[in-house]
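# An overview of the molecular structure
Take a look at the letters that make up each chain.
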Amino acid sequence: EISACLVGSEMCIRDSPDTGLHHIGAGKLSAGEMRDDEKTRHNSMMGHRHKTWSDARTALTLLSAAVFLVTAYSSNGYFYPDEHFQLIEFARWKTGACTSETVPWELAAHIRPTLQPIITIILLKAMELCGASDPFVLALSLRVVMAAAVMWSVCHFIRCTQSSIMPGHINAYTALSFLLWFIPYISVRYSSETMSAVFLLLAAGMACRMAESPGEVSAKRAAVMGILLGVAFEFRYQTMFAVLGLLCWYVCVYRRAYTRIAIAAAGFLSVIAMAFLADSWFYGRPVFPPLDYFRENIINGVAATFGVSPWYEYVLMLLGRPTHFIGTCMLLSLLCSCVRHFRSPMVWIVVFFIAGHSMADHKELRFLFPMAFFFPIMLIWTWELIYTPRLKAPFAVLAAAFVLTDAGGLLMLAAKPAKNGRGNALKYVYDNRETTRVICTHENNIYRVSSLDLEFYRRKGITVDEDIDLYLLGSISPKRGDAVIITQGDIWRRQMAENAGLKLVYRSVPQWVG
């Protein structure tokens, strides 16, 4: 049924989505309305623009995947020993590939979560079934799996949060989310920090969608969020600070359907219960590692024996470690986000996470790795807040300086091995089949970290002689098959080696980087 009323000289036609009827209302077009032909042209232009954004984001994602793969390939070794000993060595111990002497003290204390070591067992066994036996190929495969998981979670997070920024900044947001210079390096680390970040990002993305939705969160969504947070916690217990931040956001800002908290808690606790069974199986007896971890590191103060830092140490790290320029931008973006976007769950997660870690005596840069993925959107928010067309030229210079600094850091980390190049040195000795003996000092033994041996990367038949005084290289007479390890900064021993007739055959860190 169609009804029409003619008043004046213009007619406006609209469809009713509820009844399917066409309603014709007459009258002059208001300033905010469009003619049908104008609407068609506008929709066509917007569709083309959205397609352009989509194509650009696809290109950025593919470029990022390439950067992640290059970084994973170059990043032999580990950023911190826990990345190897508490995951790969835990997995090897459980399968009988090594003894407890090569595993850190946390194994006997039962304070580490075992979910990731169990996953490591599965991945290593699967790769071995495919014929892979080279330890460096196995380790590279783990880094590639980690990079793929991070890219998946970051893509999800971008989709969940892109509505909070201006459409014209979506490409910049995507680029920063993947290519902020330290993110690819963090993303390929097969560590508990990065693995927990994957599931924390998934949960945070769901929370952001909740914040924008006018209705109440469904019971199913609440349960899934609780499960994701539980999994993130079981990869790294310090994630509880982020969980508490999200809970406070729900109670103080979201303030809807408080019964959903119980459902989310049930999902969280169900993961904890299953992890209890997995931990007990792994350690061989009933244990509850979260409680043991708290007792050993907090009550007994074991963590503080590894170093004590002031409460503001993480502020200094944020300012200095990403470069002073980008670090200042990041800290400014956090402060601006706390003021302008304090209702966002992301802000509550980041603030609680950093504040919680700041209360602990022992502090390390890697503890902040999960928060790295939240800074890109805060940087975009801050740009939108402070940018003004009147100062277009200075802002263009600022943006160019940021891009150039970021590109330099990105290039360096894409070519640099992890940490001090130990992984590359291990790989060179492993691949060079003629090498049968490694000559080094006790401090430079590439097969030992503190009191633990890196047997995973050691080829059978290689002996290590660290009792030889390298200052007497002239009397050692190294033979064919010997590899002498000297650090880059040990200028005196390098000169002695050259005087003894030795020649440099390999640098574990490229000269332009190191």
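For the structure, see preceding data.
Residues numbered from 1 in each chain as written. Predicted model: local features only at pLDDT ≥ 70, side-chain atom pairs only at ≥ 80, totals over all residues. Heavy atoms only, no water.

## Re the sheet that holds strand β3 (residues 437-439)
Inclusion rule: When DSSP locates at least two bridges between a pair of strands, those strands are taken to pair. Put simply, DSSP marks the helices as runs of H or I at least four residues long and the strands as runs of E at least two long, and each gets a number from the N terminus on. Geometry is summarised by axes, namely lines fitted to C-alpha atoms with helices restricted to the contacting stretch, and by angles between N-to-C directions that run from 0 to 180 degrees.
Pairing is parallel in the open sheet, where 3 strands are placed in the order β6-β3-β7. Each end of this open sheet is capped by a strand with a single partner; those strands are β6 (463-465) and β7 (482-484). Going from strand to strand, the sheet's axes swing by 20° on average, the running direction of each strand aside.

## Some remarks on the packing of aromatic side chains
To describe a pair of aromatic rings, one takes the distance between the centres and the angle between the planes. Test applied: Pairs were defined over the aromatic rings of Phe, Tyr and Trp, the Trp ring being its six-membered one, requiring ring centres within 6.5 Å. Orientation was assigned from the angle between planes: stacked under 30 degrees, edge-to-face over 60, tilted for the rest. Here the term buried applies to any residue with accessible area under 20% of the maximum for its type, exposed to any over 50%, and partly exposed to those in between, with areas from a 1.4 Å probe on protein chains only. For a lysine, the NZ atom is tested; for an arginine, the CZ atom; a charge sits over a ring if that atom is within 6 Å of the ring centre and within 35 degrees of the ring normal.
Evaluated as defined, the whole model comprises 26 aromatic pairs. Between Trp181 and Phe182, the ring centres sit 5.8 Å apart and the planes meet at 75°, which makes this aromatic pair edge-to-face. In this structure, Trp181 and Phe182 share a single accessibility class: buried. Seen from their ring centres, Phe282 and Tyr283 are 5.7 Å apart, and the 80° between their planes marks the pair as edge-to-face. Of the two residues examined, Phe282 and Tyr283, each falls in the buried class. Put simply, the rings of Phe90, Trp93, Trp281, Phe282 and Tyr283 pair up and form one aromatic cluster. Looking at Lys419, its charged tip hangs above the ring of Phe79, at a distance of 5.0 Å from the centre. Above the ring of Tyr430, the side-chain terminus of Arg433 is found at 5.2 Å from the ring centroid.

## Overview of the nonpolar core
As a reminder, the rule being used: What makes a nonpolar core is a set of buried Ala, Val, Leu, Ile, Met, Phe, Trp, Tyr and Cys residues whose side-chain atoms join them at distances within 4.5 Å. What makes two residues a contact is simply this: any of their non-hydrogen atoms within 4.5 Å.
If you look at the biggest cluster of nonpolar residues, it comprises 117 residues, and the most contacted ones within it are Phe182, Phe199, Trp249 and Phe374. Ignoring anything within four residues of it in the chain, the contact list for Phe199 reads Leu228, Val231, Ala232 and Phe235.

## Regarding the environment of Met151
Its location among the elements puts Met151 in helix α6 (residues 135-161). Distance in space between the C-alpha atoms of Met151 and Phe178 is 7.8 Å, their sequence separation being 27 residues. The residues touching Met151, leaving out its near neighbours within four places in the chain, are Thr61, Ser64, Ala65, Phe68 and Phe178.

## Side note on the pattern of salt bridges
Rules: Any Lys or Arg side-chain nitrogen found within 4 Å of a carboxyl oxygen on Asp or Glu counts as a salt bridge.
Following the criterion strictly, the structure yields 18 salt bridges and no others. For the salt bridge of Glu89 with Arg92, the shortest nitrogen-to-oxygen distance reads 3.0 Å. With Glu89 and Arg92 both in helix α3 (residues 88-94) and 3 residues apart, the pair spans about one turn of that helix. The pair Glu89 / Arg92 is uniform in exposure class, with both members buried. When the shortest N-O distance is used, the salt bridge between Lys427 and Asp431 registers 2.7 Å. Taken together, the residues Lys427 and Asp431, both in helix α19 (residues 422-431) and 4 residues apart, mark about one turn of the helix. For Lys427, a relative accessible area of 26% translates into the label partly exposed.

## Concerning the side chain of Arg236
Checked against the element boundaries, Arg236 lands in the loop between α10 (219-235) and α11 (240-254). Filtering out sequence-adjacent residues up to four positions away, Arg236 remains in contact with Arg112, Ser192, Glu193, Ser196, Arg366 and Phe367.

## Some thoughts on a nonpolar patch on the surface
To be explicit about the condition: Exposure above 30% relative accessible area and no salt bridge define the residues that can form patches, which grow by joining like charges within 9 Å and nonpolar side chains of Val, Leu, Ile, Met, Phe, Trp and Tyr within 5 Å. Surface accessibility follows the Shrake-Rupley procedure with a 1.4 Å probe radius. Residue values consider only the protein chains on display as shielding.
A cluster of nonpolar side chains, Leu244, Leu247, Val251 and Tyr258, forms an exposed patch at the surface whose accessible area comes to about 330 Å². Along the polypeptide, Leu247 turns up in helix α11.

## Thoughts on unusual backbone geometry
Of note, Ala257 is a non-glycine position whose phi angle comes to about 45°, a positive value. As for its placement among the helices and strands, Ala257 is situated in the loop between α11 and α12 (259-283). Of note in the backbone geometry, Thr323 takes a positive phi value of approximately 85° without being a glycine. Counting through the fold element by element, Thr323 comes out in the loop between α14 (313-320) and α15 (324-340). Thr323 gets classed as partly exposed once you look at its relative accessible area, which sits at 29%.

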